[in-house]
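Residues per chain are reported as follows:
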Amino acid sequence: MLKVSHIKKYYDDFLAVDDLSFEVKPGEIFGLLGVNGAGKTTTFRMIIGLLEPSSGKITLDGKPIDYSVTDKIGFLTEERSLLTKLTVLEQAIYYGVLKGMKEEDIERRLDELLEKFKIADYKNKKIKELSKGNQQKVQFIMAIINNPKLLILDEPFSGLDPFNVELFKDEIKEMASNGSMIIFSSHRMEHVELFCKKLIVLKNGKSVLEGDLKEIKHKFRKKNIIISGEVDTEEIKKIKGVISVNKNNLDYEVKIADESVVDLVFKVVSKGKNITKFLVEEPSLNEIFIEKVGETYEK
Ligand code: ATP
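If you're wondering where the values come from, they're calculated on a predicted model, not measured in any experiment.

**A look at the overall build of the protein chain**
So, step 1. In terms of helices and strands, the protein chain carries 10 helices and 14 strands.
So, step 2. In terms of overall dimensions, the protein chain has a C-alpha envelope of 70 × 45 × 30 Å along the principal axes.
So, step 3. Taken across its 299 residues, the protein chain has 47% of its residues classed as buried.
So, step 4. Across the protein chain, the fraction of contacts at a sequence separation of at least 24, relative to all contacts at a separation of at least 6, is 68%.
So, step 5. A total of about 15,400 Å² of accessible surface is found on the protein chain, and carbon and sulfur atoms cover 50% of it.
So, step 6. In the protein chain, the 48 positive side-chain charges and the 49 negative ones have mean positions that sit 2 Å from each other.

Below is the structure:
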């Protein structure tokens, strides 16, 4: 288990991470979120041992993280960090050896992953000759070449088309089901919702929201009602507790302050015509995020 306990990080007298604690168990995909500058990269760097926390403790399976466990860790950074003059195989050997692997094991694992990501033909190509999406695949392969116990993924899907996003998702889920601990960071809330059962949201280095995603959604009082049909939207807007009424394609989306407003909206809708849908939905993680962080999460 990864255990982060009360860590703080100062850059001179600027507090970038402020008393952060969380745990990630084997098989879990944990979301670490926050707007630009919230302290995510600083936290990742402390976890992998590149930065020393100013105070607090980080342990992996009960032991501090130092060079002796770095071969059990994989990190996909947001920025590309490939040696682009090398071929894919040369790069894999470079990374794999750093992670304490034998050359023949590296090549076997590389072949398996290149096949999975449908880029087997690129094994002996120079990385600079590959497209942006294929470089992202290579970077992901490098992060998991050593089958890491702890994998940190910072915006793993950037530059990928939807087909390749699916390939990545399958691999990430498979790694979790094989017992890896995964920390997932993305500005795309729909990806976070899909993957992470638990999450933490940082603002100015501090946690502003944390816990089980289902519980977070349940506790958030605001809900959305989706309606399909001809309804008097002006009447709905007049109801106390209705925050907004918007048209989304063919449906109306009514945002309400809490569940007690559902009945009042239903009364108006029942007077409408051709009603084919009346659905009460939990808010999206994006809506909760915007409310908690106070600004939009889109880059
Ligand atoms: P992003 O989403 O933009 O990558 P982040 O959440 O990863 O942001 P960090 O890079 O951890 O944020 O930065 C947190 C804060 O610490 C920011 O205010 C940043 O300016 C500051 N910071 C980061 N690195 C340093 C440094 N080496 N020296 C001084 N301040 C730093």
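**Considerations on the site of the ligand**
So, step 1. If you check the shell around the ligand, you find 13 residues, and the closest are Gly37, Gly39, Lys40, Thr41 and Thr42.
So, step 2. Within the backbone of alanine 38, an N or O atom sits 3.1 Å from an oxygen atom of the ligand.
So, step 3. Note that an oxygen atom of the ligand is positioned 2.9 Å from one of the backbone N or O atoms of glycine 39.
So, step 4. Coverage of the ligand by the protein amounts to 60% of the 640 Å² it exposes when considered alone.
So, step 5. Elements represented by at least two residues in the shell around the ligand include exactly strand S2 (14-24) and helix H1 (40-47).
So, step 6. Considering every element that reaches the shell around the ligand, the biggest residue donor is H1, with three residues.
So, step 7. Split by residue class, the shell around the ligand holds five nonpolar, six polar and two charged.

**Here's the deal with the side chain of asparagine 134**
So, step 1. Note on placement: asparagine 134 falls in helix H4 (residues 132-144).
So, step 2. Sequence-distant contacts of asparagine 134, defined by excluding residues within four places in its chain, comprise Ile119 and Tyr122.

**Quick notes on the environment of glycine 100**
So, step 1. Positionally, glycine 100 belongs in the loop between helix H2 (88-98) and helix H3 (103-116).
So, step 2. Of the residues examined, glycine 100 reaches a relative accessible area of 62% and is grouped as exposed.
So, step 3. Considered as a pair, glycine 100 and phenylalanine 117 are 17 residues apart in the sequence and their alpha carbons are 24 Å apart.

**Some details on helix H10 (residues 285-293)**
So, step 1. Buried within H10 we find Leu285, Ile288, Phe289 and Val293. All buried residues of H10 lie within an arc of 110° about the axis, which places them on one face of the element.
So, step 2. Those residues of H10 hidden inside the fold are in contact with strand S3 (29-34), helix H6 (189-195), strand S9 (198-203), strand S10 (206-212) and helix H7 (213-219).
So, step 3. Just past H10, the residue glycine 294 takes up positive phi, approximately 80°.

**Focus: the pairing of S9**
So, step 1. Looking at chain direction, S3 and S9 are connected through five bridges and run parallel. Its bridge partner being in S9, glycine 31 is matched across the sheet by leucine 199.
So, step 2. Pairing between S9 and S10: six bridges, direction antiparallel. In the sheet register, isoleucine 200 faces S10, and the bridge partner there is glutamate 210.
So, step 3. Linking two consecutive strands that pair antiparallel, namely S9 and S10, is a turn of two residues; a positive phi of about 50° is found at asparagine 204 within it.

**Quick look at the domain arrangement of the protein chain**
So, step 1. By domain assignment, the protein chain separates into domain 1 (2-217) and domain 2 (221-281).
So, step 2. Placing the centre of domain 1 and that of domain 2 at their C-alpha centroids yields a distance of 41 Å.

**Concerning the environment of leucine 86**
So, step 1. Note on placement: leucine 86 falls in the loop between strand S6 (73-76) and H2.
So, step 2. Measuring from C-alpha to C-alpha, the distance between leucine 86 and lysine 118 comes to 20 Å, with 32 residues separating the pair along the chain.
So, step 3. Look past the residues within four positions of leucine 86 in its chain and what remains in contact with it is Gln91, Lys125, Lys126 and Ile127.

Thresholds applied
- Numbering of residues starts from 1 in every chain and runs along the sequence as written.
- Thresholds applied to this predicted model are a pLDDT of at least 70 for local features of residues and 80 or more for the giving and counting of side-chain atom pairs; totals over whole chains, interfaces and linings are not thresholded and use all residues.
- For the side-chain quantities, the full set of heavy atoms in the structure was used; hydrogens and water were omitted.
- Think of it this way: any DSSP run of H or I at least four residues long counts as a helix, any run of E at least two long counts as a strand, and we number them from the N terminus.
- Classification of residues uses two cut-offs on accessible area relative to the type maximum, computed with a 1.4 Å probe and protein chains only: under 20% is buried, over 50% is exposed, and between them is partly exposed.
- Whether two residues touch is decided by their heavy atoms; if any such pair falls within 4.5 Å, the residues are in contact.
- For the area figures, the Shrake-Rupley method with a 1.4 Å probe applies, and any residue is considered shielded solely by the protein chains shown.
- Positive: Lys, Arg. Negative: Asp, Glu. His and the chain ends are not part of the count.
- Here the site of a charge means atom NZ of a Lys, CZ of an Arg, CG of an Asp or CD of a Glu.
- Any residue with a heavy atom positioned within 4 Å of a molecule or strand is treated as near that molecule or strand.
- Pairing of N or O atoms within 3.5 Å defines a polar contact, subject to two protein rules: one partner must be a possible hydrogen donor and the other a possible acceptor, and residues neighboring in sequence count only if both atoms are side-chain atoms.
- Classification convention: Asp, Glu, Lys, Arg as charged; Ala, Val, Leu, Ile, Met, Phe, Trp, Tyr, Cys, Pro as nonpolar; all other residues, Gly among them, as polar.
- Note that the arc is defined by the directions from the helix axis to the C-beta atoms.
- DSSP calls a pair of strands paired once it identifies at least 2 bridges connecting them.
- Domain delimitation follows an automatic or database domain assignment.

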